[in-house]
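Listed here are the chains, written in short residue letters.
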Amino acid sequence: MIVVTGATGRTGRSATEALLAKGEKVRVVGRDAKKLAPFVERGAESFIGNVEDVASMTTAFNGASAVYLVLPEDTSQQDLRAHQERVSDSYAAAIDNAHVRFVVNLSSIGAQHAKNTGPIVGLHNQEQKLNRVVGLSVLHLRAAYFMENLFMSIASLRSTGTLPGGLQGDVPIPWIATKDIGAYAATRLAARDFSDSSIQELHGERDISMTEAASIVGKSIGKPNLEYVQIPSVMLEPALVNMGLPKKTAGLLIEMWDGANAGLIVLQEPRSARNTTPTTLESFVKEVFAPAYH
């Protein structure tokens, strides 16, 4: 049995689909039975539970040979950092209680730092908590910048005619499609070919600056002269709050972008065939982002 948390989310959905395609026995964990139903129709077992509750997660993980752990991307939380800590506490205790021996943990580039990286600090802390579980073999997937983050810019892109953001425009960064993360996670969950505590970075297809990304997006949505505009941090918080994000969450996102601009969120290993994934930003924008924009 392989248990997937966040099964209706971006990487969890991809991992679940890949595992079911491999013929693996899968238990999907989520909050909404209706959203899990398509997986159940394909043979998965569902578990409805609260990820902050140790007892609930212990039951979810019982009998599992491996678990895929994803901290929820719940930006509606009034205190996202506190929520992250409650969930990671719950996960670590439940993994220990259920005597799970293999975990693939979704983390992030930059998770080696214990401060100044916004929500990535929560991933750092989850790594540390899992590393302390006796007898656990855990693989931390430190993934690159999600291509799906572009969705946050759709409203501003429509209203201003530019692609706004908090990152520097001319610094290449690694971009990855979340479907590639899920597919990679599924392969390692099925193989269980890791031991102790280990880290695998996932770099995406190539490094691309925000300026180049704006050009790629513009060509795909019929705005060939689209420009990227870096928004000063002092202006970002009110803009994010106006979009509906709680003030503390907006502050964490700004801290993450500031940390990236300060060189904290950078690759720790050279690009190789092992950490390069197939989806290009061009194909993602054409097949996923452009339809959403239009």
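So, a few notes on the structure that sits alongside this text. Small disclaimer: the values here were computed from a predicted structure and weren't measured.

Attention now goes to the overall build of the chain. For the chain, the helix and strand inventory stands at 11 helices and 12 strands. Dimensions of the chain along its principal axes, counting C-alpha atoms only, are 55 × 40 × 35 Å. When the 294 residues of the chain are sorted by exposure, 50% land in the buried category. In the form shown here, the chain has an accessible surface area of approximately 12800 Å², with 52% of it arising from carbon and sulfur atoms. Across the chain, the 28 positively charged side chains and the 30 negatively charged ones have centroids separated by 3 Å.

What follows covers the nonpolar core. Tyr 68, Leu 150, Trp 175, Leu 281 and Phe 289 are the most contacted members of the largest nonpolar core, which totals 65 residues. Formed by 25 residues, the second largest nonpolar core is a distinct cluster that contains Met 1, Met 57, Ala 94 and Ala 98.

With parallel pairing, seven strands are arranged side by side in an open sheet as E3-E2-E1-E4-E5-E6-E10. The outermost strands of the open sheet, each flanked by one partner alone, are strand E3 (45-48) and strand E10 (197-202). In this sheet, adjacent strand axes meet at a mean angle of 20 degrees when their direction is disregarded. In the sheet, strand E2 (residues 26-30) pairs with E3 via four bridges, with the strands oriented parallel. Paired with Gly 30 across the bridge in E3 is Ile 48. Lying on the sheet, helix H3 (residues 54-61) is in contact with strand E1 (2-4), E2, E3 and strand E4 (66-69); it crosses E2 at an angle near 160 degrees. Against the sheet, helix H7 (residues 178-191) touches E1, E4, strand E5 (102-108), strand E6 (137-143) and E10, its axis set at about 160 degrees to E4.

Taken in spatial order, the three strands of this open sheet run E7-E9-E11, and their pairing is mixed. Across the chains shown, the open sheet's two edge strands, defined by having one partner strand only, are strand E7 (145-146) and strand E11 (207-208). Where E7 meets strand E9 (residues 173-176), two bridges bridge the pair, whose relative direction is parallel. Considered in E9, the bridge of Tyr 145 is made with Trp 175.

With that out of the way, let us pick up helix H1 (residues 10-21). A rise of 1.5 Å per residue sets the reference length of H1, with its 12 residues, at 16 Å; its end C-alpha atoms lie 17 Å apart and thus fit the reference within 8%. For H1, every residue scored as buried is listed here: Thr 11, Gly 12, Ser 14, Ala 15, Thr 16, Leu 19 and Leu 20. For H1, the elements touching its buried residues are E1, E2, helix H2 (33-41), E4, E5 and H7. At the C-terminal side of H1, Gly 23 shows a positive phi close to 85 degrees.

Glancing now at the pattern of salt bridges. Once their charged atoms are close, side chains differing in charge can pair, the charge on each being opposite to the other. If you walk through the whole model with that rule in mind, you get 14 salt bridges. Taking the shortest distance from any N to any O, the salt bridge between Lys 248 and Asp 79 comes out at 3.2 Å. Pair noted here: Lys 248 is in helix H10 (residues 247-261) and Asp 79 is in the loop between E4 and helix H4 (80-97), with a separation of 169 residues, a long-range link. Classification of Lys 248 by relative accessible area gives exposed; the value is 53%. Glu 127 serves as the salt-bridge partner of Arg 142, at 2.8 Å between the closest nitrogen and oxygen. Placement of the pair is Arg 142 in strand E6 and Glu 127 in helix H5 (residues 120-131), with a sequence separation of 15 residues.

Cut-offs and rules
Residues numbered from 1 in each chain as written. Predicted model: local features only at pLDDT ≥ 70, side-chain atom pairs only at ≥ 80, totals over all residues. Heavy atoms only, no water. Helix = DSSP H or I, 4+ residues; strand = E, 2+ residues; numbered from the N terminus. Buried < 20%, exposed > 50% of the residue type's maximum accessible area, 1.4 Å probe, protein only. Areas by Shrake-Rupley, 256 points an atom, 1.4 Å probe, with all protein chains shown as cover. Lys, Arg positive; Asp, Glu negative; His and termini not counted. Charge placed at Lys NZ, Arg CZ, Asp CG, Glu CD. Core = buried A, V, L, I, M, F, W, Y, C linked by side-chain atoms within 4.5 Å. Pairing = 2+ DSSP bridges. Axes fitted to C-alpha atoms, helices over the stretch in contact; angles between N-to-C directions. Contact = heavy atoms within 4.5 Å. Expected span 1.5 Å × (residues − 1). Salt bridge = Lys/Arg side-chain N within 4 Å of Asp/Glu carboxyl O.

Take it as geometry only, folks, not as evidence of what the structure does.
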